[in-house]
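Descriptive analysis of the structure
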Amino acid sequence: MDENQSYRKSSENNAVFDTSKSLLQEIPGHFHQKANVRLWVKRDDLIDPEVSGNKWRKLALNVVLAQHQRKEGILTFGGAYSNHLLATASACSRVGLKSIGIVRGEELTAASNPNLRRCAELGMDLIFISRTQYDCRCEASETEMWKARYASYLLVPEGGANYHGMIGCQEIMQELPFTADHVFLAQGTTATSCGVLVSLPEKAVLHAVPVLKGFDTLAEMRALLLPVLLDAETVDDYLKQVVVHSDAHFGGYGKWTSDLEQFIYKVRQAINLPLDKIYTGKAFYALMQWLEKTDFTEPVHVVFIHTGGLLNG
Ligand SMILES: *Cc1c(COP(=O)(O)O)cnc(C)c1O
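The paragraphs below set out a description of the structure included in this document. Each chain carries its own residue numbering, running from 1 in the direction its sequence is written. Per-residue local features of the predicted model are confined to residues with pLDDT of at least 70, and side-chain atom pairs are confined, for both listing and counting, to 80 or more; whole-chain, interface and lining totals are unaffected and use all residues. Note that water and hydrogens are dropped before the side-chain values are worked out from all heavy atoms of the structure.

Describing the site of the ligand
Note the following rule: The criterion for a residue being near a molecule or strand is simple. One of its heavy atoms has to lie within 4 Å of it. The term polar contact refers here to a pair of N or O atoms within 3.5 Å; inside protein, the definition further demands a hydrogen-donor-capable atom paired with an acceptor-capable atom, and it admits residues adjacent in sequence only when both atoms are side-chain atoms. We get accessible surface area from the Shrake-Rupley algorithm with a probe of 1.4 Å; when it comes to residues, only the shown protein chains can shield them. Helix numbering and strand numbering both begin at the N terminus, where a helix is a DSSP run of H or I of at least 4 residues and a strand a DSSP run of E of at least 2. Just so you know the grouping, Ala, Val, Leu, Ile, Met, Phe, Trp, Tyr, Cys and Pro go in nonpolar, Asp, Glu, Lys and Arg go in charged, and all remaining residues, Gly too, go in polar.
Lining the immediate surroundings of the ligand are 15 residues, of which Lys 55, Asn 83, Thr 189, Thr 192 and Thr 307 lie closest. Between the ligand and Asn 54 there is a distance of 2.9 Å, counted from an oxygen atom to a side-chain nitrogen or oxygen. One of the backbone N or O atoms of Ala 191 is found 3.5 Å from an oxygen atom in the ligand. In isolation the ligand offers 390 Å² of accessible surface; the protein chains occlude 97% of this area. Taken together, the elements giving at least two residues each to the shell around the ligand come down to α3 (54–68), β7 (182–187) and α9 (191–198). The leading source of residues in the shell around the ligand is α3, at 3 residues. Here the shell around the ligand is built from residues that sort into 3 nonpolar, 10 polar and 2 charged.

Below you can see the structure in the form of structure tokens.
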């Protein structure tokens, strides 16, 4: 664990991205109208417009690792609208690392959308591959191929979903000035959820809101947690603290309805909280639904982690 300590120290010294900008916004009781509930939003979206939310949490230690290993840059993967690609391009350009983005879709170019354009502008080299090849990105032969071809780059999986990404997300909970009873967040790869889960008090509940349809949250989390916690029983113990809200995906990844758009508009008007349509809008919606149908006999502290995503959604 000494190694982690030193990564953490170096990430704290990295003043480019100041996580103290992540304020805790209390949502007034008249908005949720629930007795015994105090609700806060942990505004990680305020860390930086481009390296926003959980993306900096997941990149922080990967950037330090790349610097530590004297790599030239970071090579990573994402879709055309990936917040993670943009965050990687932006973070790397500001700390003096190069970046390569492997993008899903061979028909695309750097001019296909504003997200890719901005990545290219920040100096990211974009390599477009077919969906079939992209879907194999986690296979050993594929990762070995990319590693061999770009040996001077640190390979970071899609969404920053590796050990270092997960560990970086532990810091979110450590910044809270109180103990949370319930934590809500939107879920893609589950790296953020895993980092938050292992830093959660034993009695607290993690509410995961997958934005993909038919997503197996517990299986995905198990796969990420096992190499860290080392034994399956410990992993299952942790997973008992997870509640999955699997019906708030609004049709699946990248899909939404006018109801969701209206909800996002209403929240912005009422409590000045900006949400995106791909991730945080869905998760905040699930939180409101859950509050509505749950009665609290004891006072509870509920925290919604705002994972960012406002530029692309
Ligand atoms: C990437 C992203 C997520 C998903 O985080 P995971 O760690 O992959 O589960 C959630 N919210 C926003 C806004 C994101 O950009």
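Some details on the side chain of Glu 142
Let me state the cut-off plainly: Partly exposed describes any residue whose relative accessible area lies between the buried limit of under 20% and the exposed limit of over 50%, with all areas from a 1.4 Å probe on protein chains only and scaled to the type maximum. Counted as positive: Lys and Arg. Counted as negative: Asp and Glu. His and the chain ends are not counted at all. Here, a salt bridge means any side-chain nitrogen of Lys or Arg that lies within 4 Å of a carboxyl oxygen of Asp or Glu. Any pair of residues with heavy atoms lying within 4.5 Å of one another is described as a contacting pair.
Among the secondary structure elements, Glu 142 is positioned in helix α7 (residues 140–149). No salt bridge is formed by the buried Glu 142. Its closest oppositely charged neighbour is Arg 149, at 7.7 Å. With residues up to four places along the chain from it excluded, the contact list for Glu 142 reads Gln 133, Cys 136 and Arg 137.

Here's the deal with the nonpolar core
Here is a general trend for soluble globular proteins: nonpolar side chains tend to be buried in one another's company. Filter applied, for reference: Buried residues of nine kinds, namely Ala, Val, Leu, Ile, Met, Phe, Trp, Tyr and Cys, make up a nonpolar core once their side-chain atoms join them within 4.5 Å.
One finds Phe 284 and Leu 287 to be the most contacted residues of the largest nonpolar core, which totals 31 residues. Elements that contribute at least two residues to this core include exactly β2 (37–43), β7, α12 (258–271), α13 (280–293) and β10 (300–306). The residues contacting Leu 287, other than those within four sequence positions of it, are Leu 39, Phe 184, Val 302 and Phe 304.

Quick word on the packing of aromatic side chains
Spelled out, the test is: Centres within 6.5 Å are what make two rings of Phe, Tyr or Trp a pair, Trp counting through its six-membered ring; a difference in plane orientation under 30 degrees is then read as stacked, over 60 as edge-to-face, and the rest as tilted. Two thresholds decide whether a charge sits over a ring: the Lys NZ or Arg CZ must be within 6 Å of the ring centre and within 35 degrees of the ring normal.
For the structure shown, the criterion picks out 13 aromatic pairs. Ring centres of Phe 284 and Phe 304 lie 5.0 Å apart, and the angle between their planes is 85°; this geometry places the pair in the edge-to-face category. Here Phe 304 lies in strand β10 and Phe 284 lies in helix α13, a separation of 20 residues in the sequence. For the pair shown, Phe 284 and Phe 304 are each scored as buried. Put simply, the rings of Phe 77, Tyr 134, Trp 146, Tyr 150 and Tyr 153 touch in pairs and so form one group of aromatic residues. Residue placement shows Lys 55 over the ring face of Tyr 279; its charged tip is 5.7 Å from the ring centre. Of note, Lys 277 hangs over the ring of Trp 256, and the distance from its end group to the ring centre comes to 4.6 Å.

So, the pattern of salt bridges
Taken as a whole, this structure holds 15 salt bridges when the rule is applied. Linking Glu 50 and Arg 118 is a salt bridge whose minimum nitrogen-to-oxygen distance equals 2.4 Å. Highlighted residues: Glu 50 in the loop between β2 and α3 and Arg 118 in helix α5 (residues 114–121), separated in sequence by 68 residues. Since its relative accessible area comes to 14%, Glu 50 is described here as buried. The shortest N-O distance in the salt bridge between Arg 131 and Glu 107 comes to 3.3 Å. One end of the pair, Arg 131, is in helix α6 (residues 131–135); the other, Glu 107, is in the loop between β4 (98–104) and α5, and 24 residues separate them in sequence. Residue class for Arg 131 comes out partly exposed when judged on its relative accessible area of 38%. Counted as one network, the salt bridges with shared partners bring together Lys 42, Asp 44, Arg 57 and Glu 175.

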